[in-house]
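Here's the letter readout for the chains.
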Amino acid sequence: MITRADVDALSRLGSDQWPIVSLILRVDKERIDDDYTIRLKNLLREAADTLDDRFNPQQRKAVLEDLERIREFFRDEGDRFGRGVAVFAASQAGIWQVHELPRDVESQIAIGFEAHVAPLIKILEQLEPFVTCLIARDSARLFYGRLGKFEELQQIVDEEVPGQHDQGGWSQARYERHIDEHARAHFKRVADELFHIFEEQPYRWLILGGPDEVVAAFLEQLHPYVRERHAGTVRVLMEANINEVHEESCEIIRRWILDEKLRAIEMLRNEVLSGDRGVAGLEPTLMALQQGQILTLLVDDSYQAPGAVCLNCRSVQREGGTGQQCVFCGGPLQALDNVVPEIVTGAFRQGANLLFLTQPETQEPMRDLGRIGALLRFSLTSQSEG
Ligand SMILES: [Zn+2]
């Protein structure tokens, strides 16, 4: 499965000389009424038909050869994919990359001198890993997963913790102390394991499951790096099946992501009102992008805006009529029906946090903020003063 590091490397992939074919294909074999080979055929034809005068005859020939190579690749190997696939091809420049994607991708093809990565940036939130830990006083189950994929790592049973009925001749107080010591040792062991997993395969969120008092005691034993990832607690039994654990965990993650977006919109609104560290609307966002200022980009997922991109310095601009030049470097501009993918990619390259507003409850409060905006790295006022 593709990772954030892969997308990061792809966002820097480019060739001055040879166009790159960027294909994203949903390969959903569970739906027999939905044949991916037909979708692929249509995309390849569409790409061949739209090769325009951006490219010289050698470049057009190279693209047609890559389209054929992609066709053969899926003919021979397409059936080994089960969800989504991304292919980036510019054979003349030595570029040929295939990445597996989650299921929820929109099939599309693009040809340009850079890899078209905006659709991959959009699915990054589905790729963020999390760990779910079901915890009891003498056992634990650990799971590692993403919104689209989940597996059980291990079960930990520390049987030296006596059960409630094994009290024997102990006094109640002594028995409880004994239980507590064993439970604490067990919590410590599980906490160490969670930290070990974090070091091996860092995860963004930790979800716990168990009785409130157990979860509270366990949280105290966690390493601070692990504890700060705690995103919520699920209500499932220790014996729950993995699908139930996954579903409940995803619910918590989705809620967490939604809250993060709502918080960011409120922060943006405050920053825009105080004129300090936030900009709203297309033009100010483009300016912030140009200045390398974007800390967090917020964009309504359905928002589109025409504009242009400079073929020389890559800057994104509002206007792009024929014959116009880049306002920054005087280079040639390419007009685009929609520059939002370029803004997204540019912000991603700056290391910005990207928040795509996909639900009405996040799109609605962004409406009067121009549907696109950014929290900034530096305050606007301190910049104009100094
Ligand atoms: Zn330029």
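Residues numbered from 1 in each chain as written. Predicted model: local features only at pLDDT ≥ 70, side-chain atom pairs only at ≥ 80, totals over all residues. Heavy atoms only, no water.

Going by an unreviewed UniProt entry, the protein carries the name Peptide chain release factor 1 (ERF1)-like protein and comes from Sphaerobacter thermophilus.

This paragraph deals with the overall build of the protein. The helix and strand tally for the protein stands at 13 helices and 16 strands. Dimensions along the principal axes, computed over C-alpha positions, put the protein at roughly 95 × 60 × 35 Å. For the protein, long-range pairs separated by at least 24 residues make up 68% of all intrachain contacts whose partners lie at least 6 apart in sequence. Here the protein has roughly 19800 Å² of accessible surface; of this, 46% comes from carbon and sulfur atoms. (Helix = DSSP H or I, 4+ residues; strand = E, 2+ residues; numbered from the N terminus. Contact = heavy atoms within 4.5 Å. Areas by Shrake-Rupley, 256 points an atom, 1.4 Å probe, with all protein chains shown as cover.)

Across the sheet, which stays open at both edges, the three strands sit in the order E13-E12-E14 with antiparallel pairing between neighbours. Each edge of the sheet is formed by a strand with only one pairing partner; in this case those strands are strand E13 (316-317) and strand E14 (333-336). In terms of strand pairing, strand E12 (residues 307-310) meets E14 through four bridges, oriented antiparallel. Looking at E14, one finds that valine 309 is bridged to glutamine 334. (Pairing = 2+ DSSP bridges.)

This part covers the side chain of glutamine 293. Assignment of secondary structure puts glutamine 293 in the loop between helix H10 (282-290) and strand E11 (294-300). Within polar-contact distance, the side chain of glutamine 293 engages the backbone nitrogen of phenylalanine 378 at 3.1 Å. (Polar contact = N/O pair within 3.5 Å; in protein donor to acceptor, adjacent residues only side chain to side chain.)

Within strand E5 (residues 130-135), six of the six residues are buried, which leaves the element mostly enclosed by the surrounding structure. By the alternation rule, side chains of E5 split into Phe130, Thr132 and Leu134 and Val131, Cys133 and Ile135, which are all buried. One ladder, built from six bridges, connects E5 with strand E6 (residues 139-146); its direction is antiparallel. Pairing of leucine 134 across the sheet is with arginine 141, part of E6. With five bridges connecting them, E5 and strand E8 (residues 205-209) associate as parallel partners. Paired with leucine 134 across the two strands is glycine 209, which belongs to E8. (Buried < 20%, exposed > 50% of the residue type's maximum accessible area, 1.4 Å probe, protein only.)

In this structure, Cys310 (SG), Cys313 (SG), Cys326 (SG) and Cys329 (SG) serve as the protein donors to the zinc ion, at separations of 2.3 Å. Here the zinc ion is ringed by four donor atoms whose angles at the metal span 101 to 114°, and the overall shape comes out tetrahedral. Ordering the donors of the zinc ion by residue number gives the pattern C-x2-C-x12-C-x2-C. Of this pair, cysteine 310 sits in strand E12 while cysteine 326 sits in the loop between E13 and E14, and the two are 16 residues apart along the sequence. (Donors = N, O, S within 2.8 Å, 3.2 Å for Na, K, Ca; no water. Tetrahedral: all angles 85-135°; square planar, octahedral: opposite > 155°, others 65-115°.)

This brings us to the layout of surface pockets. Over the atoms rolls a probe the size of a water molecule, and in doing so it shows where empty space is left. Considered as a void within the structure, the second largest pocket measures approximately 590 Å³ in volume. Contributing to the lining of the second largest pocket are 29 residues, with Arg4, Leu124, Leu127, Glu128 and Pro129 lying nearest its centre. Considering each element in turn, the lining of the second largest pocket owes the most residues, four residues, to strand E15 (residues 353-357). Residue composition of the lining of the second largest pocket, grouped by class: 15 nonpolar, five polar and nine charged. (1 Å grid on protein atoms, 1.4 Å probe; cavity = no way out; pocket = protein on both sides within 12 Å on 5 of 7 lines; lining within 4 Å. Points joined across faces, edges and corners; volume = space filled by probe spheres on them. Nonpolar A, V, L, I, M, F, W, Y, C, P; charged D, E, K, R; others polar.)

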